[in-house]
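Structural overview for review
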Amino acid sequence: MPFDPASLRYDANGLIPAIAQDALSGDVLMMAWMNAESVARTLETGRVTYWSRSRNSFWVKGETSGHVQVLREMRVDCDRDCLLVLVEQEGPACHTNRRSCFYTAIREGEEVEILRPMEG
C-alpha cells in the first residue's frame with residue numbers, strides 16, 4: 001500500500017513529532033517537528049527535513065551546520081501521531097555540539113550532564 005503523508009495524525013498546528021535515532025548505534029539523537037510537506041520532502045530527498053516552529057520554515061538538518069541526517073528508514077507509531085526517523089548522523093545532532101540533545105540525566109533527584117560537546 002503506498003504511503004501518503006496526509007494519512008498521519010497531525011496536531012492542531014499541522015505538526016507531528018519526529019524522533020531521530022542513529023540507525024547503527026540505536027542512540028536517540030533528537031526530537032523535532034515535521035508537517036506533511038517536510039515528511040514528503042524527507043522521503044523524496046533522503047535528507048531529513050523538519051519544520052522549524054521558531055523560523056516558521058523548513059529546516060533541512062545540516063544545511064547550515066554540515067551535521068547532516070541521511071534517512072535510512074522512517075517508521076510510524078501505532079497511533080500514527082509520531083514518527084521515528086532512523087538516520088545516518090554526520091557530526092553532532094544537537095545545536096550544543098553534542099552527539100545527542102538528550103545529554104542531561106536525572107539521577108537521584110539531580111541533573112547530571114552525561115555527554116560533553118564533541119571536539120572540532
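Everything here concerns the structure above.
The following paragraphs examine the structure supplied in this document. Everything numeric in this text was worked out from a predicted model, so none of it was measured.

Among the nonpolar cores identified, the biggest contains 17 residues, and Met30, Met34, Tyr50, Met74, Leu83 and Val85 are the most heavily contacted of them. Among the secondary structure elements, those contributing two or more residues to this core are strand E1 (16–22), strand E2 (28–34), strand E5 (69–76) and strand E6 (83–89). It is E2 that contributes the most residues to this core, four residues altogether. With residues near it in sequence (within four places) discarded, Met30 still touches Ala18, Ile19, Ala20, Tyr50, Trp59, Lys61, Gln69, Ala93, Cys101 and Phe102.

For the rest of this paragraph, the subject is unusual backbone geometry. Of note, Asn97 is a non-glycine position whose phi angle comes to about 70°, a positive value. Judged by its relative accessible area of 24%, Asn97 falls in the partly exposed class. In the Ramachandran plot, Glu108 falls in the positive-phi region, its phi being about 50° despite a non-glycine side chain. The residue Glu108 is located in the loop between strand E7 (104–107) and strand E8 (110–113) in this model.

Before going further, it helps to examine the environment of Glu37. Within the secondary structure, Glu37 is located in helix H1 (residues 36–45). Residues Glu37 and Gly66 lie 29 residues apart in sequence; the distance between their C-alpha atoms is 22 Å.

Basis of the calculations
- Residues numbered from 1 in each chain as written.
- Predicted model: local features only at pLDDT ≥ 70, side-chain atom pairs only at ≥ 80, totals over all residues.
- Heavy atoms only, no water.
- Core = buried A, V, L, I, M, F, W, Y, C linked by side-chain atoms within 4.5 Å.
- Buried < 20%, exposed > 50% of the residue type's maximum accessible area, 1.4 Å probe, protein only.
- Helix = DSSP H or I, 4+ residues; strand = E, 2+ residues; numbered from the N terminus.
- Contact = heavy atoms within 4.5 Å.

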